[in-house]
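Breakdown of the fold
Listed here are the chains, written in short residue letters.
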Amino acid sequence: MKKLSFRKIAYWLHLWLGALSSLVIFIVAVTGCIYVFQLELRSIFQQSQYVEIQDRPFLSPSELKEKANQYVYAVAADSANVIYGVAYGKRDKAATLAYNHYEDGYTILMLNPYSGDYIYKQTLKGDFFRIILAGHRSLWLPYDIGRPIVGWSVLVFVIVTISGIVLWIPKRWNRKSLKSILTIKRKSNSYKLNYDLHKVIGFYVALIALIISITGLTWSFKWFANSYYTVISGGEELKQWKPALSDTTLTASTLNLDDRLWDQVKQEYPIGEQGTFMFDFPNKKADAYRICFNPANDDTYYKRHFRFFDQNTLEELEGGGIYGTAYEDSSAGDKLYRMTYDIHVGAIGGLPGKIVVFLASLGIASLPVTGYIIWHKKRKKSKKGKK
C-alpha cells in the first residue's frame with residue numbers, strides 16, 4: 001500500500017472539503033461583501049435619517065413615545081404592537097423608535113428628536129440589508145436550519161484554507177518559484193490562468209479569510225464562542241449576555257420613572273454630542289429599563305456599555321455579560337472579545353479596514369469558482385487521456 005504524504009493529504013482535504021463547502025462559502029462571501037458598507041450606503045440612500053440641527057434639547061424618550069403613539073397604534077388592530085425603546089444619534093441624526101408590529105415584525109420609526117415629527121417608517125423584514133444579512137447568516141433558510149449549515153461550512157473552510165496554505169508552499173525556495181506563486185501570468189492558457197488566479201488570490205486573502213472565519217464562528221456555535229474567549233482571555237470563562245430582571249414583588253411607582261431616569265442619564269452621558277444612546281422601556285412585569293451608550297463616533301460597537309434599572313425603584317441591576325462593564329474597566333480578554341464584530345467586518349480599522357475585508361471577501365468568493373473550473377478542466381483532460 002502506497003504511503004500518503006502530508007502534502008497529498010492536504011491536497012485531498014483541500015479538494016473534497018472545498019467542494020463540500022463551496023456553494024455556502026460563495027453565498028456567505030458575496031453577501032459579506034455587500035454588507036460591509038451597509039452604513040455608508042444607508043447614509044447615501046437614506047437621507048431621511050438626517051435632520052436640521054436646532055438650538056434646543058432633544059425630547060425625552062417618554063415624549064417621543066407619546067408623539068409616536070398615533071403611528072404605532074394607528075388602527076384598533078395595532079393594539080397588539082409593543083414599543084421597545086428610543087435611540088439617539090448625534091445632533092444631526094433622526095431619533096429612532098423601535099417597536100414590534102403584530103404583522104410586520106420589528107419596525108423603526110424615524111422621528112425628529114427636537115419636535116417628535118414623523119419622518120419615515122422602516123420595516124426590517126423588507127429592508128435590503130436585512131435580507132442580505134439573512135443570506136449571510138442562514139442562507140435565507142429558517143434560522144435554526146441555516147445557521148448550523150453556515151457554521152459547519154465555515155469551519156470546513158478554515159481547514160480548506162490551512163490545507164491551501166500547505167499546498168501553496170513551494171518545494172524549493174528560489175526567486176523563480178516565488179515569482180510563479182506570487183504573480184499571475186495573464187498570457188497563459190485558460191487552465192493555467194485559472195490555476196494562477198486560485199493559487200495567488202488564495203494566498204493573498206488566506207490570513208484575512210482565517211480572521212473573518214474564526215470571528216464569524218463565534219455567532220454560529222456557543223461552544224466555539226466559549227473556547228475562543230477562553231483562549232484570548234488566558235483561561236477565563238465567558239460571562240454570557242443576559243438582561244437584568246426587575247423585582248416583581250415590588251409595587252409599581254406612581255411617579256413617572258421614565259423621565260426620572262432620563263434626567264439622571266442626561267447628566268452622565270453627552271447625548272447628542274458624542275456616539276449613540278439607547279433607552280429601552282420595560283413592557284412586562286419582570287422587565288427592567290435598559291440603556292446603552294456607545295461613545296464611538298465611528299462605526300464600531302466594542303465600546304458599548306449596557307446598564308439596567310429596576311422599573312419600580314430605578315435601582316441599578318447587574319446584567320449584560322461582558323458588556324455590562326464599561327470598556328475602559330474591562331479586562332484585556334474582554335476588550336478583545338468585544339472587538340469580535342468590528343474585526344469581522346473590518347470596522348476596527350476604519351474605512352481602510354472595511355476596504356481590506358471587502359476585497360478579501362471578494363477574493364474568497366472567487367475561490368470556489370476558480371477551484372471548480374480547475375477541477376472540471378483537469379477531470380476533462382483526464383478522461384481524454386484515458387480514451
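Presented here is a report on the structure given in the accompanying data block.

1. Some remarks on the nonpolar core
- If you look at the biggest cluster of nonpolar residues, it comprises 33 residues, and the most contacted ones within it are Y88, L97 and F277.
- What Y88 contacts, discounting residues up to four positions off in sequence, is F58, L59, S60, P61, L64, A95, W262, I271, G275, T276 and F277.
- Counting residues in hydrophobic clusters, the runner-up holds 30 residues, among them V158, L210, L238 and Y323.

2. Comments concerning unusual backbone geometry
- For W140, which is not a glycine, the phi torsion comes out positive at approximately 65°.
- Tracing the backbone through its elements, the reader meets W140 in the loop between α4 (128–138) and α5 (143–168).
- A residue is classified by how much of its surface remains accessible, and W140, at 47% relative accessible area, is partly exposed.
- With a phi angle near 65°, L314 is a residue other than glycine that sits in the positive phi range.

3. Considering empty space enclosed by the protein
- In the structure shown here, the tally under the stated rule is one cavity of 30 Å³ or more.
- Here the largest cavity is characterised by a volume of approximately 70 Å³.
- What lines the largest cavity is simply Y35, V36, Q38, L39, D299, Y301, Y341, V345, A347 and K354.
- Mapped onto the lining of the largest cavity, the elements with two or more residues apiece are α1 (6–36), α2 (38–45) and α11 (340–345).

4. What to know about helix α8 (residues 222–233)
- Given a rise of 1.5 Å per residue, 12 residues ought to cover 16 Å, and the 16 Å separating the end C-alpha atoms of α8 matches this to within 8%.
- Of the positions making up α8, those classed as buried are F224, A225, Y228, Y229 and S233. For α8, the buried positions fall inside an angular range of 150° around the axis, keeping them on one side.
- Contacts made by the buried residues of α8 are with α7 (190–220), α10 (332–338) and α11.
- Two residues or fewer past α8, G234 is found with a positive phi of approximately 80°.

5. Side note on the layout of surface pockets
- As a volume, the second largest pocket reaches approximately 1200 Å³.
- H14, L167, H198, G371 and I374 are, among the 43 residues lining the second largest pocket, the residues nearest its centre.
- Looking at the lining of the second largest pocket, the element that brings in the most residues is α1, giving 11 residues.
- Looking at side-chain class alone, the lining of the second largest pocket contains 25 nonpolar, 11 polar and seven charged residues.

6. Some points on the packing of aromatic side chains
- Under the counting rule described, the total for this entry stands at 27 aromatic pairs.
- Summarising the aromatic geometry, the rings of W241 and F306 are spaced 4.8 Å apart at their centres and angled 75° between planes, so their arrangement reads as edge-to-face. Of this pair, W241 sits in the loop between α8 and α9 (257–268) while F306 sits in strand β7 (residues 305–310), placing them 65 residues apart in sequence.
- Ring pairs connect the aromatic residues F58, Y88, Y114, W262, Y269, F277 and F293, which therefore count as one cluster.
- Over the ring of F281 we find K65, and its NZ or CZ is 4.3 Å from the ring centre.
- The cationic tip of R91 hangs over the ring face of F58; the distance from NZ or CZ to the ring centre is 5.6 Å.

7. Some details on the pattern of salt bridges
- What the rule picks out here adds up to 10 salt bridges.
- Among the ionic pairs, R42 bridges to D127, the shortest N-O distance being 2.7 Å. Taken together, the residues span a long stretch of sequence, with R42 in helix α2 and D127 in the loop between β4 (118–123) and α4 at a distance of 85 residues.
- A residue is classified by how much of its surface remains accessible, and D127, at 7% relative accessible area, is buried.
- Note that D280 and R290 form a salt bridge whose closest N and O atoms lie 2.8 Å from each other. Of this pair, D280 sits in strand β5 (residues 276–280) while R290 sits in strand β6 (residues 288–294); the two residues are 10 residues apart in sequence, bridging distant segments of the chain.
- Linked through salt bridges whose partners overlap, the residues forming this network are E40, D299 and K354.

8. Some remarks on the packing of α5 against α7
- In contact at an axis separation of 9 Å, α5 and α7 are set at 150° when each is read in the N-to-C sense. Along this stretch, α5 crosses α7, giving a crossing that reads as left-handed. Every residue of α7 that contacts α5 at R147, G151, V154, L155, F157, V158, T161, I162, I165 and W168 is listed here: K199, F203, A206, A209, L210, S213, L217, W219 and S220.
- Across the contact of α5 with α7, the residue classes tally to 13 nonpolar, four polar and two charged.

9. Here's the deal with the sheet that holds strand β1 (residues 82–88)
- Strand order across the open sheet formed by eight strands is β4-β3-β2-β1-β5-β6-β7-β8, with antiparallel pairing between neighbours. This sheet does not close on itself; its edge strands, each paired only once, are β4 and β8 (316–317).
- One ladder, built from five bridges, connects strand β3 (residues 105–111) with β4; its direction is antiparallel. The residue bridging L109 from the neighbouring strand is K121, located in β4.

10. What about the side chain of S62?
- Looking at where S62 falls in the secondary structure, it is placed in helix α3 (residues 61–72).
- The buried category is assigned to S62, whose relative accessible area is 14%.
- Within the structure, S62 has its side chain in polar contact with the side chain of D259 (distance 2.5 Å).
- Setting aside anything within four residues of it in sequence, one finds S62 in contact with D258, D259 and F281.

Cut-offs used in this document
- Residues numbered from 1 in each chain as written.
- Predicted model: local features only at pLDDT ≥ 70, side-chain atom pairs only at ≥ 80, totals over all residues.
- Heavy atoms only, no water.
- Core = buried A, V, L, I, M, F, W, Y, C linked by side-chain atoms within 4.5 Å.
- Buried < 20%, exposed > 50% of the residue type's maximum accessible area, 1.4 Å probe, protein only.
- Contact = heavy atoms within 4.5 Å.
- Helix = DSSP H or I, 4+ residues; strand = E, 2+ residues; numbered from the N terminus.
- 1 Å grid on protein atoms, 1.4 Å probe; cavity = no way out; pocket = protein on both sides within 12 Å on 5 of 7 lines; lining within 4 Å.
- Points joined across faces, edges and corners; volume = space filled by probe spheres on them.
- Expected span 1.5 Å × (residues − 1).
- Arc of directions from axis to C-beta.
- Nonpolar A, V, L, I, M, F, W, Y, C, P; charged D, E, K, R; others polar.
- Phe/Tyr/Trp six-rings, centres within 6.5 Å; stacked < 30°, edge-to-face > 60°.
- Lys NZ or Arg CZ within 6 Å of the ring centre and 35° of its normal.
- Salt bridge = Lys/Arg side-chain N within 4 Å of Asp/Glu carboxyl O.
- Axes fitted to C-alpha atoms, helices over the stretch in contact; angles between N-to-C directions.
- Left-handed = near helix turned anticlockwise from the far one by under 90°.
- Pairing = 2+ DSSP bridges.
- Polar contact = N/O pair within 3.5 Å; in protein donor to acceptor, adjacent residues only side chain to side chain.

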